[in-house]
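# Survey of secondary and tertiary structure
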Amino acid sequence: MIEYSLGTLPFRDGVVFLFPNHLCCNCGKTTDLTTIHQDTRRTRYMLGGGTEITFKLPLPFCKDCAPTATRRPKSLLNWLLIFIAAFAASALALIIIGDMVLNSPLIARYLLPFSVMLAAVPCAAMVLLMRPKGKQTSYFQPVRIPRLKQEFVSGAVTAIGFGFSNLAYAKAFALVNREAIAKKLVTLEGI
Ligand SMILES: [Zn+2]
């Protein structure tokens with residue numbers, strides 16, 4: 001994995017952006033804000049490895065939303081691994097209970113559907129717990145980088161696209177960065 005940080009990775013001329021700091025980038029609150037360098041990663045998987053680029057984005061957070069700055073969004077692969085772990089733990093627990101406690105062949109016969117059902121419980125609980133609170137727009141990092149164009153050899157960034165969970169913050173961003181956005185060097189993306 002190769003890691004870059006904002007500042008070390010070269011940006012081509014015109015690929016400049018500023019983050020508005022007058023409202024919380026998650027809930028939109030305008031008081032008690034602090035700038036947190038949100039560790040934002042973009043991973044590219046390739047045959048035999050991949051690259052990971054880390055951007056430290058200086059973003060305004062209120063006290064309640066500060067923890068969301070460090071919560072990386074979960075990918076489909078993350079969720080799949082969580083489910084597999086829950087499934088394996090459920091199957092093991094059912095084998096032990098069925099064999100040693102109940103001494104019943106029924107559990108062994110229906111091990112697969114029982115394990116899937118049992119594994120769904122902690123996964124559903126996680127989904128419920130990971131909902132944004134109050135006026136928050138995301139439980140996870142509210143600013144992401146869904147698009148990144150780089151030069152093949154140098155890795156220099158030729159265009160970058162940001163996604164925002166908070167619409168008001170996205171609009172404020174669009175306003176201060178209108179020049180780079182007009183040139184399509186900086187774009188707004190959905191997340
Ligand atoms: Zn907030």
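Not measured: the values here are computed from a predicted model.

Glancing now at the overall build of the chain. In terms of regular secondary structure, the chain is built from five helices and five strands. Secondary structure of the chain in N-to-C order comes out as β-β-α-α-α-β-β-α-α-β. By the compact-globule yardstick of 16 Å for 191 residues, the chain is too spread out, its C-alpha radius of gyration being 22 Å. Dimensions of the chain along its principal axes, counting C-alpha atoms only, are 70 × 45 × 25 Å. Per-residue burial for the chain yields a buried fraction of 19% across its 191 residues. Pairs at least 24 apart in sequence give 70% of the contacts found in the chain among residues at least 6 apart.

Here the focus is the pairing of strand β4 (residues 157–164). Bridge analysis of strand β3 (residues 143–150) against β4 gives six bridges, and the strand direction is antiparallel. Across the sheet, Arg147 pairs through a bridge with Gly161, a residue of β4. If you look at the hairpin formed by β3 and β4, you'll find six residues sitting between the two strands, and Gly155 has a positive phi there, around 80 degrees. Taken together, the four bridges between β4 and strand β5 (residues 186–189) define a ladder with parallel strand orientation. Residue Gly161 lies in a different strand from β5, and its bridge partner there is Thr187.

This part takes up the domain arrangement of the chain. Segmenting the chain into domains produces domain 1 (1–65 + 140–191) and domain 2 (76–129). Relative to domain 2, the C-alpha centre of domain 1 lies at a distance of 39 Å.

Within the open sheet, the three strands sit side by side as β3-β4-β5. Their pairing is mixed. Strands at the two margins of the open sheet, each flanked by one partner only, are β3 and β5. On average, adjacent strands in this sheet sit at an angle of 25 degrees to one another, irrespective of strand direction. Contacting β4 and β5, helix α4 (residues 167–176) crosses the sheet at an angle of about 150 degrees to β4.

Before going further, it helps to examine the nonpolar core. Counting residues in hydrophobic clusters, the biggest one holds 21 residues, and the most contacted among them are Cys24, Cys25, Leu59, Phe61, Val143 and Phe164. Here this core takes five residues from strand β2 (residues 49–61), the largest share from any one element. Those residues in contact with Phe61 that lie beyond four places of it in its chain are Cys24, Cys25, Asn26, Leu33, Thr34, Ile36, Ala66 and Ala69.

Quick look at the packing of helix α1 (residues 76–101) against helix α3 (residues 111–129) now. Interhelical geometry of α1 versus α3 gives an angle of 125 degrees and a closest axis separation of 8 Å. In terms of orientation, α1 and α3 fall into the oblique class. When you trace α1 past α3, the crossing you get is right-handed. Taking contact as the criterion, the partners of Ile82, Phe83, Ala86, Phe87, Ser90, Ala91 and Leu94 in α1 are, on α3, Leu111, Phe114, Ser115, Val116, Leu118, Ala119, Pro122 and Cys123.

This part covers the environment of Leu111. Its place among the elements puts Leu111 in helix α3. For the pair Leu111 and Ala91, spaced 20 residues apart in sequence, the C-alpha separation works out to 6.7 Å. Filtering out sequence-adjacent residues up to four positions away, Leu111 remains in contact with Ala91 and Leu94.

How each quantity is defined
Residues numbered from 1 in each chain as written. Predicted model: local features only at pLDDT ≥ 70, side-chain atom pairs only at ≥ 80, totals over all residues. Helix = DSSP H or I, 4+ residues; strand = E, 2+ residues; numbered from the N terminus. Rg over C-alpha atoms; globule rule 2.2 N^0.38 Å. Buried ≥ 20, exposed ≤ 12 C-beta atoms within 10 Å, placed from the backbone. Contact = placed C-beta atoms within 7 Å. Pairing = 2+ DSSP bridges. Domains from an automatic or database assignment. Axes fitted to C-alpha atoms, helices over the stretch in contact; angles between N-to-C directions. Core = buried A, V, L, I, M, F, W, Y, C linked by C-beta atoms within 7 Å. Parallel < 35°, antiparallel > 145°, perpendicular 65-115°, else oblique. Left-handed = near helix turned anticlockwise from the far one by under 90°.

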